[in-house]
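One-letter residues, chain by chain:
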Amino acid sequence: EPEVTQTPSHQVTQMGQEVILRCVPISNHLYFYWYRQILGQKVEFLVSFYNNEISEKSEIFDDQFSVERPDGSNFTLKIRSTKLEDSAMYFCASSDVRASGSNSEQFFGPGTRLTVL
Amino acid sequence: AQTVTQSQPEMSVQEAETVTLSCTYDTSESDYYLFWYKQPPSRQMILVIRQEAYKQQNATENRFSVNFQKAAKSFSLKISDSQLGDAAMYFCATSGNTPLVFGKGTRLSVIA
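Residues numbered from 1 in each chain as written. Chains lettered and ligands numbered in written order. Predicted model: local features only at pLDDT ≥ 70, side-chain atom pairs only at ≥ 80, totals over all residues. Heavy atoms only, no water.

### Observations concerning the overall build of chain B
Then comes step 1: For chain B, the helix and strand inventory stands at 0 helices and 12 strands.
Then comes step 2: For chain B, the sequential pattern of α-helices and β-strands runs β-β-β-β-β-β-β-β-β-β-β-β.
Then comes step 3: Here the C-alpha radius of gyration of chain B, 13 Å, is about what a compact globule of 112 residues would show, namely 13 Å.
Then comes step 4: Taken along its principal axes, the extent of the C-alpha atoms in chain B is 40 × 25 × 20 Å.
Then comes step 5: Long-range contacts, defined as pairs at least 24 residues apart, comprise 53% of the intrachain contacts of chain B with a sequence gap of at least 6.
Then comes step 6: Computed over 10 positive and 10 negative side-chain charges, the separation of the two mean positions in chain B equals 4 Å. (Helix = DSSP H or I, 4+ residues; strand = E, 2+ residues; numbered from the N terminus. Rg over C-alpha atoms; globule rule 2.2 N^0.38 Å. Contact = heavy atoms within 4.5 Å. Lys, Arg positive; Asp, Glu negative; His and termini not counted. Charge placed at Lys NZ, Arg CZ, Asp CG, Glu CD.)

### Some remarks on the packing of aromatic side chains
All names here are of chain A.
Then comes step 1: If you walk through the whole model with that rule in mind, you get 18 aromatic pairs over all chains.
Then comes step 2: Between Tyr33 and Tyr35, the ring centres sit 6.4 Å apart and the planes meet at 35°, which makes this aromatic pair tilted. Across this residue pair, the class does not change: Tyr33 and Tyr35 are buried. (Phe/Tyr/Trp six-rings, centres within 6.5 Å; stacked < 30°, edge-to-face > 60°. Buried < 20%, exposed > 50% of the residue type's maximum accessible area, 1.4 Å probe, protein only.)

### Details of the pairing of strand 6 (residues 46-52) of chain B
Looking along a regular strand, one sees the side chains alternate between the two faces of the sheet.
Residues and elements named next belong to chain B.
Then comes step 1: Strand direction decides the pairing type here: strand 5 (residues 33-39) and strand 6, joined by 6 bridges, are antiparallel. Across the sheet, residue Leu34 finds its bridge partner in strand 6, namely Gln51.
Then comes step 2: Between strand 5 and the antiparallel strand that follows it, strand 6, lie 6 residues; Arg43 among them carries a positive phi value of about 75°. (Pairing = 2+ DSSP bridges.)

### Here's the deal with the interface of chain B and chain A
Then comes step 1: Taken residue by residue, the interface counts 22 residues in chain B and 24 residues in chain A.
Then comes step 2: For chain B, the biggest contributors to the area lost against chain A are B:Arg43, B:Pro99 and B:Phe102; these three give 32% of the whole.
Then comes step 3: Between chain B and chain A we count 0 salt bridges in total.
Then comes step 4: Broken down by secondary-structure element, the contributors of at least two residues to the side of chain B that touches chain A are strand 5, strand 6 and strand 10 (88-95) of chain B.
Then comes step 5: When residues of the side of chain B that touches chain A are assigned to their parent elements, the largest contribution, 4 residues, is made by strand 5 of chain B.
Then comes step 6: Of the residues contributing to the side of chain B that touches chain A, the split by class is 9 nonpolar, 8 polar and 5 charged. (Buried area = accessible area lost by both parts, 1.4 Å probe. Salt bridge = Lys/Arg side-chain N within 4 Å of Asp/Glu carboxyl O. Nonpolar A, V, L, I, M, F, W, Y, C, P; charged D, E, K, R; others polar.)

### With respect to the sheet that holds strand 7 (residues 65-68) of chain A
Remark on secondary structure: sheet strands pair via backbone hydrogen bonds, oriented parallel or antiparallel.
Residue and element names in this part refer to chain A.
Then comes step 1: Sheet architecture is open: 4 strands sit in the order 1-3-8-7, paired in antiparallel fashion. A single partner strand is all that each edge strand has here, and the edge strands are strand 1 (5-7) and strand 7. Neighbour-to-neighbour, the strand axes of this sheet turn through a mean angle of 20°, independent of strand direction.
Then comes step 2: Sheet analysis places strand 3 (residues 19-24) next to strand 8 (residues 75-79), joined by 5 bridges and oriented antiparallel. Within strand 8, the position partnered with Cys23 by the bridge is Phe75. (Axes fitted to C-alpha atoms, helices over the stretch in contact; angles between N-to-C directions.)

### A look at the environment of A:Ser66
All names here are of chain A.
Then comes step 1: Tracing the sequence through the fold places Ser66 in strand 7.
Then comes step 2: For the pair Ser66 and Pro8, spaced 58 residues apart in the sequence, the C-alpha separation amounts to 18 Å.
Then comes step 3: Non-local contacts of Ser66, meaning those with residues more than four positions away in its chain, are made with Phe61, Thr76, Leu77, Lys78 and Arg80.

### Structural notes on the pattern of salt bridges
Residue and element names in this part refer to chain B.
Then comes step 1: All told, the structure shown has 4 salt bridges over all chains when counted by the stated rule.
Then comes step 2: With a shortest N-O distance of 3.0 Å, Lys73 and Asp26 are connected by a salt bridge. With Lys73 in the loop between strand 8 (64-69) and strand 9 (74-79) and Asp26 in strand 4 (residues 24-26), this residue pair connects regions lying 47 residues apart in the sequence.
Then comes step 3: Classification of Lys73 as partly exposed rests on a relative accessible area of 26%.
Then comes step 4: We note a salt bridge from Asp86 to Arg63, for which the minimum N-O separation is 2.8 Å. Taken together, the residues Asp86 in the loop between strand 9 and strand 10 and Arg63 in the loop between strand 7 (60-61) and strand 8 connect sequence positions 23 residues apart. Pair check on accessibility: Asp86 and Arg63 agree, each one buried.

### Things to note about the environment of B:Ser30
Then comes step 1: Following the sequence through the fold, B:Ser30 ends up in the loop between strand 4 and strand 5.
Then comes step 2: C-alpha of B:Ser30 to C-alpha of B:Ala53: the two residues are 23 residues apart in sequence and 8.2 Å apart in space.

### Here we look at the side chain of B:Lys38
Then comes step 1: Relative to the helices and strands, B:Lys38 resides in strand 5.
Then comes step 2: Setting aside anything within four residues of it in sequence, one finds B:Lys38 in contact with B:Gln44, B:Met45, B:Ile46, B:Val48, B:Gly85, B:Asp86, B:Ala88, B:Met89 and B:Tyr90.

Shown next, in the form of structure tokens:
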């Protein structure tokens, strides 16, 4: 069964460093998402991506964040200069249709745990 | 803006018994979907059940069913014949004109 994969499973970095979190969405999916879950809190939407551009983003997704689909399979989230409060679980998800008011399901990856020291 | 409220931070159930997890939501959308996701200790998000808001019939998936009360904006999850593997965080979520909006979750413990 196809699944969303994410690497690495755990990333430890120093404050101020750049990190890139990687995701491989399900191959025939067209919509891609990043969500964040700070430990003990709810899952929060960061950004959605379609047709090689950002389609929606939340207030959390400021200039420190960027997303990219560098090739036909990978979908990346870059944090330019990490802060302590960026420590969280980051989930990638994909869907075959737009996940807004339509009959779609977002498939989630296993997440990347980011720890900023 | 959409909001999702889960008023039960923790619940417990005896194995083989039935438990109901509560969820209320608020949305201005006329066309939206409601979801329950399960997050086991592995932290992966797994879709449990989905309900289309325009459907009056409550969704069911094996031991999982929902009680969808559209006028009350309530979407509770019932787990029947609870199993040890059901122990997890359960998140209620809705999607409308934005991607998923989640509640804070309910931690379910299953007692053998």
